[in-house]
Amino acid sequence: MRKHVKMHVFLCVLSVMGLYNLISKKDFIFIIPEAIRMLMEICFFISLVSFILVEILIVKSGRVKHTQESDYLVVLGAGLRGKSPSIPLLQRLNASLEYVKINPDIKIVVSGGRGIDESITEAEAMKRFLIKRGVAVDQIIKEERSTSTLENLKFTTEILKELDKKENINVTIVTNNFHMFRSKFLAKRQGLKAYGYPAPLNRMLVVSCFVREYFAVINSFIFDR
């Protein structure tokens, strides 16, 4: 996984450098005023640095597994095929079972609403999956309204604050590795103390997911409150 991520970052850097070289060609000097060209170069370098820094944070956060028991385990939804979990969601559910083996008495929040092409809510599908694999019914708490990562953490926090009157509720989040950094900082914005237990990601999806997540992180940092 680390090799794939490094290659993905390397290819992106090469692509951006190619764009920079194109902008810097003399043919463009006569089209773009010098002040605007300098501004474009500054924006390019800022974007490149931010991309590298954010990708480092994403990769680092997706490698750390918190195995100590938290107050709650929070499993984030990732789509269904009818009533069946998608491959990313199966990876998250299998990771959650690993955590439950380590901390068998943990309360589990399954978070996810119902999409347009889904027969049931993601939370209900996750609950059924876990029960079939030996998790007790009374261990599972459903959050069934969310349709985004922000809503996952926002609505989950509302439920937990109703159930638990503690000041500092700590949770361990289960999601795919590329998604962990954003999930944890959104949980912290909701007032939770957040740790992570990342699930793996299909190697075929590494490049697309890690690139897309950069833009999702920037968007969430600015707009998701």
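## Considerations on the overall build of the protein
Turning to step 1, where the next piece is worked out: Tallying secondary structure elements over the protein gives eight helices and seven strands in all.
Turning to step 2, where the next piece is worked out: For the protein, the proportion of its 225 residues judged to be buried stands at 48%.
Turning to step 3, where the next piece is worked out: Pairs at least 24 residues apart make up 70% of the contacts formed inside the protein by residues separated by at least 6 positions.
Turning to step 4, where the next piece is worked out: Carbon and sulfur atoms provide 61% of the accessible area of the protein, an area that totals close to 12,500 Å².

## Here's the deal with the packing of helix α3 (residues 34–61) against helix α8 (residues 206–223)
Turning to step 1, where the next piece is worked out: Where α3 contacts α8, the axes come no closer than 10 Å and their chain directions differ by 105°. As judged from the angle between their axes, α3 and α8 are roughly perpendicular. Along its contact with α3, which presents S47, S50, F51, V54, E55, I58 and V59, the element α8 presents F210, V211, E213, Y214, V217 and I218.

## Let's talk about the packing of aromatic side chains
Turning to step 1, where the next piece is worked out: Under the definition given, this model contains six aromatic pairs.
Turning to step 2, where the next piece is worked out: Taking 4.9 Å as the distance between ring centres and 65° as the angle between the ring planes, the aromatic pair formed by F44 and F45 counts as edge-to-face.
Turning to step 3, where the next piece is worked out: On the basis of relative accessibility, which here comes to 41%, the residue F45 falls in the partly exposed class.
Turning to step 4, where the next piece is worked out: Each ring, one from Y214 and one from F215, has its centre 5.0 Å from the other, and the planes form 75°; the classification is edge-to-face.
Turning to step 5, where the next piece is worked out: According to the relative accessible area criterion, Y214 is buried, its value standing at 9%.
Turning to step 6, where the next piece is worked out: We classify F215 as exposed; its relative accessible area is 56%.
Turning to step 7, where the next piece is worked out: Each residue in the set F51, Y214 and F215 is aromatic and connected to the rest through ring pairs, giving one cluster.
Turning to step 8, where the next piece is worked out: A cation sits over an aromatic face here: R133 above F129, 3.6 Å from the ring centre.
Turning to step 9, where the next piece is worked out: One residue, R145, lies across the ring of F155, its end atom 3.8 Å from the ring centre.

Rules and cut-offs
Residues numbered from 1 in each chain as written. Predicted model: local features only at pLDDT ≥ 70, side-chain atom pairs only at ≥ 80, totals over all residues. Heavy atoms only, no water. Helix = DSSP H or I, 4+ residues; strand = E, 2+ residues; numbered from the N terminus. Buried < 20%, exposed > 50% of the residue type's maximum accessible area, 1.4 Å probe, protein only. Contact = heavy atoms within 4.5 Å. Areas by Shrake-Rupley, 256 points an atom, 1.4 Å probe, with all protein chains shown as cover. Axes fitted to C-alpha atoms, helices over the stretch in contact; angles between N-to-C directions. Parallel < 35°, antiparallel > 145°, perpendicular 65-115°, else oblique. Phe/Tyr/Trp six-rings, centres within 6.5 Å; stacked < 30°, edge-to-face > 60°. Lys NZ or Arg CZ within 6 Å of the ring centre and 35° of its normal.

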